[in-house]
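The chain contents come next:
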Amino acid sequence: MHVSASILSCDLLNLETEIENLEKAGIDSLHVDIMDGHFVPNISFGVDMVKQLRLISNLPINVHLMVDNPKQFIDSISHCNVECLIIHSEIKQNIENTLKNIKRHGMDVGLAISPQTQIVEVMQYLPLVDFALIMGVPPGFGGQKLIEPVLSKIGEIRSIHHKITIGLDGGVNENTIALIKAAKPDTLVVGNYLLASFQKKNRLDDIKEKLKILCQRK
Ligand code: DX5
Ligand code: ZN
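Let me begin by describing the structure that accompanies this report. All figures in this text were calculated on a predicted structure; none of them were measured in a lab.

Okay, the coordination of the zinc ion (ligand 2) next. Distances from the zinc ion (ligand 2) to its protein donors, H31 (NE2), D33 (OD), H64 (ND1) and D169 (OD), fall at 2.1 to 2.3 Å. Positions of the donor residues of the zinc ion (ligand 2) along the chain correspond to the pattern H-x1-D-x30-H-x104-D. With H31 in strand β2 (residues 29-35) and D169 in strand β7 (residues 165-169), the pair connects residues that are 138 residues apart, well separated along the chain. Residue classification places D169 among the buried positions, given a relative accessible area of 8%.

What follows deals with the nonpolar core. Soluble globular proteins tend to pack their nonpolar side chains together in the buried interior. Ranked by internal contacts, the top residues of the largest apolar core, which has 68 residues, are L22, V63, L65, I77, I134, I157 and L194. Filtering out sequence-adjacent residues up to four positions away, I157 remains in contact with I113, I119, L126, A132, I134, I164 and I166. Residues C84, I86, F131 and V189 belong to the second largest nonpolar core, which totals seven residues.

To continue, consider the side chain of S29. Its location among the elements puts S29 in strand β2. Polar side-chain contacts of S29 include one of 2.9 Å to the side chain of H2. Within polar-contact distance, the side chain of S29 engages the side chain of S4 at 2.8 Å.

This next bit is on the site of ligand 1. Neighbouring residues of ligand 1: 19 residues in total, closest S6, G140, G143, D169 and G191. A distance of 2.7 Å separates an oxygen atom of ligand 1 from a polar side-chain atom of S6. For ligand 1, an oxygen atom lies 2.8 Å from a polar atom in the backbone of G171. Going through the elements one at a time, β2, β3 (61-66) and β8 (187-190) are the ones with two or more residues in the shell around ligand 1. Taken together, the residues of the shell around ligand 1 sort by class into seven nonpolar, ten polar and two charged.

A word on the pairing of β2. Of all seven residues that make up β2, seven are buried, and the element is covered over most of its length. Neither face of β2 is open: one carries S29, H31, D33 and M35, the other L30, V32 and I34, and all of them are buried. Bridge count between strand β1 (residues 2-6) and β2: three bridges; the pairing is parallel. Across the sheet, S6 pairs through a bridge with H31, a residue of β2. After leaving β1, the chain enters helix α1 (residues 15-25) and then returns to the sheet as β2, a path that is right-handed. Here β2 pairs with β3 via six bridges, running parallel. What sits directly across from L30, in β3, is I61. Handedness of the crossover joining β2 and β3 through helix α2 (residues 47-56): right-handed.

Rules of the game
- For every chain, the first residue of its written sequence is number 1, and the numbers climb from 1 along that sequence.
- Following the order in which they are written, the chains are lettered starting with A and the ligands numbered starting with 1.
- Under the rules for a predicted model, residues below a pLDDT of 70 receive no local features and side-chain atom pairs below 80 are neither given nor counted, while totals for whole chains, interfaces and linings still include all residues.
- To get the side-chain values, take all heavy atoms of the structure and skip hydrogens and water.
- Because water is not among the atoms used, a metal site may look incomplete, as its donors are only the N, O and S atoms within 2.8 Å, or 3.2 Å for Na, K and Ca.
- In this description a helix means any DSSP run of H or I spanning at least four residues, a strand means any run of E spanning at least two, and both kinds are numbered starting from the N terminus.
- For the exposure calls, accessible area comes from a 1.4 Å probe over protein chains only, and a residue counts as buried if that area is under 20% of its type's maximum, exposed if over 50%, partly exposed in between.
- Buried residues of nine kinds, namely Ala, Val, Leu, Ile, Met, Phe, Trp, Tyr and Cys, make up a nonpolar core once their side-chain atoms join them within 4.5 Å.
- In what follows, residue pairs with any heavy atoms lying within 4.5 Å of each other are defined as contacts.
- Contacts described as polar in this section are N or O atom pairs within 3.5 Å, which, within protein, must combine one atom able to donate a hydrogen with one able to accept it, while residues neighboring in sequence count only if both atoms come from side chains.
- One heavy atom suffices: a residue is near a molecule or strand as soon as one of its heavy atoms comes within 4 Å of it.
- Ten residue types, Ala, Val, Leu, Ile, Met, Phe, Trp, Tyr, Cys and Pro, are classed as nonpolar, four, Asp, Glu, Lys and Arg, as charged, and the remainder, Gly among them, as polar.
- Here the rule is simple: two strands pair whenever DSSP picks up at least two bridges between them.
- Place the viewer so that the strands point away; then a crossover is right-handed whenever the path from the first strand over the helix to the second strand goes clockwise.

In structure tokens:
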């Protein structure tokens, strides 16, 4: 199971140390949520954050764009050496063109699917996508409760498109992990459970322990 840490829940005033601890704990990748305050009612990071993270870590970085206008970010993010750029299937822009544009810029193409969006609505785009990100919660905030019925979307995609990597973003914790694993995602994006304790003492051990729970629980 690939586990990606959503840095939204990091102790942001000590981010470099947080990233070091995530690396030492054996996290597989970093997940950076970019929000514009329009597509979602929150604001988080911008491209400069991605640039700075790239300077301090060799971990793969996935960028999750929760913005109305992803087009304006594609070029600048493509210079940050990120693995995958994820856009939302609910934007008003031309999705097919945007996905192709990301590919042309040399990044893996990701499509995030919010809880209210059904797979049948995005089916036409899936052949263009490397990574489908099923949102376990409404996009915009960490620490929300998993909407369990979304888990069936994983099997729905898998039964038609065998090559797409499928991730679940939001609501992953020690209470939901068994149910989530039964749905067989390839990747878990985890923020709150892994990082939100802000416990400075034994921070590395705490992250390691939680990562172990997520990876070992059946
Ligand atoms: C929500 C974000 C997630 C979030 C993860 O809009 O896309 O990446 O940080 O959620 P939790 O905190 O539930 O793991
Ligand atoms: Zn995210």
